[in-house]
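Observations on chain architecture
Okay, here's what each chain looks like letter by letter:
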Amino acid sequence: MTPNQDLQKDMPVTDTAIALDGLAPFLKESKPAIQNTSLPTAINRALMTDISFAREIAEAAGVNLAEHAGIVNEARTDAARGTLFGASYCMLDGRYRSMDEALAKLAPEGVLELAAGHSPRGIATAGTYSLYVETDLADLVAQKREIVEALKPDRDPSQHIIRPLNALHGSDLIAAGALFEEKNISNIALTHEGLFFYLTRDEQKVMRDNVAAFLKQFSPNGAWVSPDFVYDARLDEETTVMRATYERSAGRPWTTFSTDDEIREFMRDGGLKVEFLGNDHLVGMLESARRSGATNPDHVLRWLRECRVAVVRLVGP
Ligand SMILES: C[S@@+](CC[C@H](N)C(=O)[O-])C[C@H]1O[C@@H](n2cnc3c(N)ncnc32)[C@H](O)[C@@H]1O
């Protein structure tokens, strides 16, 4: 694979009927598409966590959260059975908290967020940086811009930019990099959460090479920061069901790694090195565990370890 190679012009959408148990009724009527994974995430985040702006964003997207209150009861029923699956909302909550901590530690001057979807991070933190560029596929971006304008009417649109970007299109990353270059910002964190495992391995390689090319050109000392390099080595029967649900909603396979070493090798092949930031200390701090009644700290830890953040940098100049 060469950097900037555009494998995929559009996300494929299959015609398979979907059954998204516990998710928004309107999604049951829509075809699986990777873009459709964003709103369920937003609904779950609003109901199962206390992340700032999570509720406001879901409501601004037109969701009546009261209609989805059953998600909380279902989560409590699952957790009461004491299964690993019962603690699964800790992954959604934990990955957001882990990214908050990683960005606070790295303190970049600028952030390029890929696949932002309905995430609150831009609204909540853009003002912290000299430049925050929030991106997703075009149709998602149009809705996100309306939501941000409704919730943050005083946003400075030259400092918190919202624009389309396909991570598989190298030219999109280069165009976004130019925005940082114009402001002489080279300490950049390129972030995403909830994207990488929806890409096939070939697409992941294209994206990796696009990111490496971006870092080389615009931020040689910057970092690719994400909780998305997950492995499913310890999958039990119920998490397999969960994975099948993700695959049905996105209409694409779920592509993970088997070990940290496999992730290191994958990155090494792209001229990159990885540091993993531990997040065990978040156990006991997650609102999602309280709301779902997930009391087994080992299960919460299992999900937290799944979403520890990787900080990926260029190996050399
Ligand atoms: C599960 S959602 C996660 C959204 C958000 N990061 C969050 O945590 O709520 C996955 C997102 O990836 C976006 N996406 C899928 N393929 C993409 C691509 N090739 N480039 C950029 N974004 C993509 C989708 O549009 C969707 O918003």
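Residues numbered from 1 in each chain as written. Predicted model: local features only at pLDDT ≥ 70, side-chain atom pairs only at ≥ 80, totals over all residues.

**Here we look at the packing of helix H8 (residues 170-182) against helix H9 (residues 201-218)**
Short version of the rule: Every axis corresponds to a line fitted to the C-alpha atoms, with the helix fit spanning only the stretch in contact, and the corresponding angles, defined between N-to-C directions, vary from 0 to 180 degrees. Think of it this way: any DSSP run of H or I at least four residues long counts as a helix, any run of E at least two long counts as a strand, and we number them from the N terminus. Small angles under 35 degrees read as roughly parallel and large ones over 145 as roughly antiparallel, with 65 to 115 read as roughly perpendicular and the rest as oblique. Crossings are sorted by hand: turned counterclockwise from the far helix by less than a right angle, the near helix makes the crossing left-handed, and turned clockwise it makes it right-handed. Residues are defined as contacting one another if the C-beta atoms placed from their backbone atoms lie within 7 Å. Charged means Asp, Glu, Lys or Arg here, nonpolar means Ala, Val, Leu, Ile, Met, Phe, Trp, Tyr, Cys or Pro, and polar covers whatever is left, Gly included.
Viewed as axis vectors pointing N to C, H8 and H9 meet at an angle of 25 degrees, and their least axial separation amounts to 10 Å. Relative to H9, the element H8 is oriented roughly parallel. The element H8 and its partner H9 pack so that their crossing is right-handed. Counting all contacts with H8, which are made through Gly 170, Leu 173, Gly 177, Phe 180 and Glu 181, the residues of H9 involved are Asn 210, Ala 213, Phe 214, Gln 217 and Phe 218. Class assignment for the residues of the contact of H8 with H9 results in five nonpolar, four polar and one charged.

**Quick look at H8**
Applied cut-off: Given the number of residues in a helix, its expected span is that number minus one, multiplied by 1.5 Å. Put plainly, a residue is buried at 20 or more neighbouring C-beta atoms within 10 Å of its own, exposed at 12 or fewer, and partly exposed in between, counting only other residues' C-beta atoms, which are placed from the backbone. Directions drawn from the helix axis to the C-beta atoms are what define this arc.
Counted at 1.5 Å a residue, the expected span for H8 with its 13 residues is 18 Å, and the 19 Å between its end C-alpha atoms agrees. If you check which residues of H8 are buried, you get Gly 170, Asp 172, Leu 173, Ala 176, Gly 177 and Phe 180. Taken down its axis, H8 places every buried residue within 155 degrees of arc, on the same side. In H8, the exposed residues that point more than 90 degrees away from the buried face are Ser 171, Ala 178 and Glu 182. Looking at the buried residues of H8, the elements they touch are strand S1 (110-113), strand S2 (131-136), strand S4 (188-191) and H9. Following H8 by one or two positions, Asn 184 adopts a phi angle in the positive range, close to 55 degrees.

**Overview of the sheet that holds strand S3 (residues 160-164)**
Note the threshold: Should DSSP find at least two bridges between two strands, the strands are regarded as paired.
Ordered by their spatial adjacency, seven strands build an open sheet running S3-S2-S1-S4-S5-S7-S6, and the pairing between neighbours is mixed. Strands at the two margins of the open sheet, each flanked by one partner only, are S3 and strand S6 (272-277). Between one strand axis and the next, the sheet turns by 20 degrees as a mean value, whatever way the strands run. Here strand S5 (residues 223-226) runs beside strand S7 (residues 309-314); their pairing, made up of three bridges, is antiparallel. Bridge pairing in S7 links Val 225 to Val 311. Across the sheet, helix H5 (residues 89-106) touches S4, S5, S6 and S7, and the angle it forms with S7 is around 40 degrees. Packed on one face of the sheet, helix H7 (residues 138-151) meets S2 and S3 and runs near 150 degrees to S3.

**A short note on the pairing of S4**
Inclusion rule: For a crossover, the right-handed case is the one in which the path from the first strand over the helix to the second runs clockwise, viewed with the strands pointing away from the viewer.
Burial of the side chains of S4 extends over both faces: Ile 188 and Leu 190 are buried on one face and Ala 189 and Thr 191 on the other. Of the strand pairs in this sheet, S4 and S5 are connected by three bridges, and their pairing is parallel. Its bridge partner being in S5, Thr 191 is matched across the sheet by Val 225. Each parallel crossover has a hand, and for S4 linked through H9 to S5 it is right-handed.

**What to know about the nonpolar core**
To be explicit about the condition: Here, a nonpolar core means buried Ala, Val, Leu, Ile, Met, Phe, Trp, Tyr and Cys residues linked by C-beta atoms lying within 7 Å of one another.
In terms of nonpolar packing, the biggest core is built from 83 residues, with Ala 87, Cys 90, Leu 190, Val 225 and Val 300 touching the most fellow members. At eight residues, the largest contribution of residues to this core is made by H5. Excluding anything up to four places from it in sequence, Val 300 contacts Ala 87, Cys 90, Val 283, Leu 286, Ala 289 and Ala 294.

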